[in-house]
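As a plain string of letters, each chain reads:
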Amino acid sequence: MLKNKLKIPDKTRKPFPDRLGSLVAGFDSRDGENGGSGAALEFGEELETIQPNGFGSDREFEEPDDGVEDECVRDEGATGGAGGGEPDLRARQRPNTREGSGPVSVLEVIAADEKRSDVEYEISQEQINLEKLQRIASMGLPDEGGLRATTWKLLLGYLPPSRKLWEKELSENRLKYAKLKEDLLISPSEFARRKNLNSGPCETEAGSNVDGPLRRHQIAQEDHPLSLGKASVWNQYFENTEVAEQIDRDLQRTHPDLKFFSGETAISRRHREAMRNILLLFAKLNPAIRYVQGMNEVLAPIYYVFSTDPNEQNAANAEADSFSCFVRLLGDSVDHFCQQLDNSSVGILSTISRLSELLKTNDEELWRHLELTTRVEPQFYAFRWITLLLTQEFSFQSILRIWDSLLGNPFGVQDMLLRVCCAMLLCVKSKLLRGDFIANLKLLQHYPDINIEHLLQVAMDLTPDTSSYRLSL
């Protein structure tokens with residue numbers, strides 16, 4: 001056993017943790033475990049925002065040929081041979097393009113209305129049929145009416161299938177989150193103030209009228225700003241300052257093209273403050289992982305969907321609901337953030353190997369060209385794809401659509417995630433077969449705009465690799 005390593009959830013669990021905090025290390029016994037963190041990923045170490053002098057955060061694609069080579073690719077530039085040969089494993093900016101900006105046909109409007117009616121009907125039942133809801137979600141959820149927010153909460157297990165239990169579950173989880181914030185995000189000075197209030201004014205008043213030199217107040221060890229003890233609130237505060245600063249920097253860079261996240265209005269700042277609370281609380285509850293750069297990208301779609309719910313009460317509690325669902329979502333991939341487990345059967349390298357085998361099963365020609373001929377190892381591009389759940393590869397609207405399919409997959413998020421990653425390779429096959437190491441690496445690290453519906457259909461049609469393929473349980 002590795003000392004101080006992450007407490008790994010039981011792999012026989014359901015695809016998502018079944019209660020708030022079941023992922024976090026030391027959640028049930030944090031009073032005695034606020035100290036050590038194991039040899040885990042350092043926050044901000046693996047996923048660093050790419051600088052303009054790298055491959056570039058603002059992509060300039062070549063003009064497409066007269067005929068589109070691959071059916072699902074709209075624009076396949078960024079495959080030129082220029083550039084350095086070093087693999088770029090860092091995070092990058094997403095394109096500013098938004099899907100669906102073209103004219104909408106009558107048939108598309110009718111199909112959207114039917115889909116909305118299907119979702120409304122399913123979530124209005126007293127007992128939700130999750131299998132039917134998964135099938136509907138995998139085909140894409142409506143953007144309006146708060147239907148995506150409610151459906152995601154159901155698919156993540158945050159809301160129970162029984163509607164009569166919703167109010168009770170929401171109330172309990174929101175109160176639990178408020179208590180966690182009060183206990184863990186309070187400043188040391190506020191902690192001392194509350195402690196003095198609880199002790200009562202009797203002792204102070206008793207000696208306030210006595211003439212003579214003022215007596216020095218006794219300060220408990222855990223209240224002293226210079227204390228190095230693990231129980232010291234000041235020591236814990238200073239330890240988390242660096243994490244909080246990293247979170248603040250990352251939140252400033254989260255979807256800079258969307259004012260919801262990056263604007264300077266009071267509303268935008270409130271959104272960043274709520275996301276900061278979620279990420280900092282997660283870091284404090286998980287000392288073996290803390291915060292890893294890129295977690296802000298995984299949180300962003302959840303918080304956006306919940307915050308834009310037209311139900312005012314749900315929108316007001318978006319922070320609490322987002323924290324709980326963020327914990328559940330990471331429960332299926334938390335091992336990817338723990339460096340100790342990189343080479344284990346549950347680590348990121350094992351998952352990348354499964355992607356490689358899935359590609360080999362479905363297209364051995366492309367697999368041989370990438371890994372044997374051009375030597376483009378899958379970790380050069382798939383590390384970011386998998387750990388960040390594709391949030392760096394597509395426009396924000398496309399991310400929401402892809403996540404509908406990820407969360408709607410009955411075999412778990414990781415199952416569908418690997419299928420989508422494999423489909424991304426197949427959809428640019430002709431470009432990859434013509435490219436060398438540098439051209440292919442640049443293409444996969446700056447994936448072109450694509451027809452998302454076709455991509456997801458290709459992913460669903462893949463043949464699973466039965467030799468190394470495992471389902472999330």
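Preceding this paragraph is the structure being described.
Just so it is clear, the structure is predicted and the values come from calculations on it, not from any experiment.

I'd like a rundown of the overall build of the protein chain, residues and numbers included.
When you go through the protein chain residue by residue, the secondary structure sums to 20 helices and 0 strands. Relative to its full complement of 473 residues, the protein chain shows a buried share of 51%.

Lay out the packing of helix 9 (residues 266-285) against helix 10 (residues 295-307) in plain terms, naming residues and giving numbers.
Angle between the axes and distance between the axes are the two parameters that describe a pair of packed helices. Here helix 9 crosses helix 10 at 125 degrees, and the two axes come no closer than 11 Å. The angle between the axes of helix 9 and helix 10 places the two elements in the oblique class. Here helix 9 and helix 10 pass one another in a crossing that is right-handed. Packed against helix 9, whose contacting residues are R270, H271, A274, M275, I278, L279 and F282, the element helix 10 presents M295, N296, L299, A300, Y303 and S307 at the interface. Residue composition of the contact of helix 9 with helix 10, by class: 9 nonpolar, 3 polar and 1 charged.

Now, about the packing of aromatic side chains: what can you tell me, with residues and values included?
One pass over the full model with this rule turns up 13 aromatic pairs. Pairing F261 with F396 gives two aromatic rings, centres 5.9 Å apart and planes at 70 degrees, and the pair type is edge-to-face. Of this pair, F261 sits in helix 8 (residues 259-262) while F396 sits in helix 16 (residues 396-408); the two residues are 135 residues apart in sequence, bridging distant segments of the chain. Exposure class is identical for F261 and F396. Each is buried. With 5.9 Å between their ring centres and 70 degrees between their planes, F394 and Y447 make a pair best called edge-to-face. Of the two residues, F394 sits in the loop between helix 15 (379-387) and helix 16 while Y447 sits in the loop between helix 19 (437-445) and helix 20 (452-460), which places them 53 residues apart along the sequence. With relative accessibility at 0%, the residue Y447 sits in the buried group. Aromatic rings pair up to connect F260, F261, Y303, Y304 and F396 into one cluster.

How would you summarise the environment of L358 if you had to cite specific residues and measurements?
Relative to the elements of secondary structure, L358 occurs in helix 13 (residues 348-362). For L358, a relative accessible area of 3% gives the class buried. Each C-alpha atom, one on L358 and one on C422, is 7.0 Å from the other, the two residues being 64 residues apart in sequence.

Give a description of the nonpolar core that names residues and reports values.
Counting 106 residues, the largest nonpolar core has F326 and F394 as the members making the most contacts within it. A total of 11 residues in this core trace back to one element, the largest contributor, which is helix 17 (residues 413-426).

How would you explain helix 2 (residues 130-138) if you had to name every residue and give the values?
By the burial criterion, the buried members of helix 2 are L133, Q134, I136 and A137. In an axial view of helix 2, the angular spread of the buried residues amounts to 165 degrees, which keeps them on one side of the axis. Residues of helix 2 that are exposed and angled more than 90 degrees away from the buried face: E131 and R135. Next to the buried residues of helix 2 lie helix 1 (106-123), helix 3 (147-155) and helix 16. Here helix 2 starts with a cap whose side-chain oxygen sits 3.1 Å from the backbone nitrogen of E131, and that cap is N129.

I'd like a description of the pattern of salt bridges, backed by residues and values.
Enumeration over the complete set of coordinates arrives at 19 salt bridges. Across the pair K181 and E319 runs a salt bridge whose closest N-O atoms are separated by 3.1 Å. Taken together, the residues span a long stretch of sequence, with K181 in helix 4 (residues 166-184) and E319 in helix 12 (residues 318-330) at a distance of 138 residues. Accessibility expressed as a relative area gives 15% for E319, which makes it buried. As a salt-bridge pair, R276 and D248 come within 2.7 Å of each other at their nearest N and O atoms. Remark: D248 occurs in helix 7 (residues 233-252) and R276 occurs in helix 9; sequence separation between them is 28 residues. Taken together, the salt bridges that share partners define one network made up of D113, R116 and E144.

Rules used throughout
Within each chain, residues carry numbers counting from 1 in the order of the written sequence. Side-chain atom pairs in this predicted model are given and counted only at pLDDT of 80 or more, local residue features only at pLDDT of at least 70, and totals for whole chains, interfaces and linings cover all residues. As a rule here, side-chain values cover all heavy atoms of the structure and leave hydrogens and water aside. In this text, helices come from DSSP runs of H or I with a minimum length of four residues, and strands from runs of E with a minimum of two, each type numbered from the N-terminal end. Accessible area is worked out with a 1.4 Å probe on protein chains only. A residue is then buried under 20% of its type maximum, exposed over 50%, and partly exposed in between. Working convention: axes come from line fits to C-alpha atoms, limited for helices to the stretch in contact. Angles between N-to-C directions cover 0 to 180 degrees. Under this scheme an angle from 65 to 115 degrees is roughly perpendicular, one under 35 degrees roughly parallel, and one over 145 degrees roughly antiparallel; angles in between are oblique. Should the near helix be turned anticlockwise from the far one by less than a right angle, the crossing is termed left-handed; should it be turned clockwise, right-handed. Note on contacts: a residue pair qualifies if any of its non-hydrogen atoms lie within 4.5 Å across the two residues. Only Asp, Glu, Lys and Arg are considered charged in this grouping, and only Ala, Val, Leu, Ile, Met, Phe, Trp, Tyr, Cys and Pro are considered nonpolar; every other residue, Gly among them, is considered polar. When two rings of Phe, Tyr or Trp (its six-membered ring) have centres within 6.5 Å they constitute a pair, described as stacked for plane angles under 30 degrees, edge-to-face for angles over 60, and tilted for the intermediate range. Only buried residues count toward a nonpolar core. Its members are Ala, Val, Leu, Ile, Met, Phe, Trp, Tyr and Cys residues joined through side-chain atoms within 4.5 Å. Working definition: the arc comes from the directions between the helix axis and the C-beta atoms, pointing outward to the latter. Two N or O atoms count as a polar contact when they lie within 3.5 Å, although within protein this holds only if one can serve as hydrogen donor and the other as acceptor, and sequence-adjacent residues are included solely when both atoms are side-chain atoms. Any Lys or Arg side-chain nitrogen located within 4 Å of an Asp or Glu carboxyl oxygen qualifies as a salt bridge.

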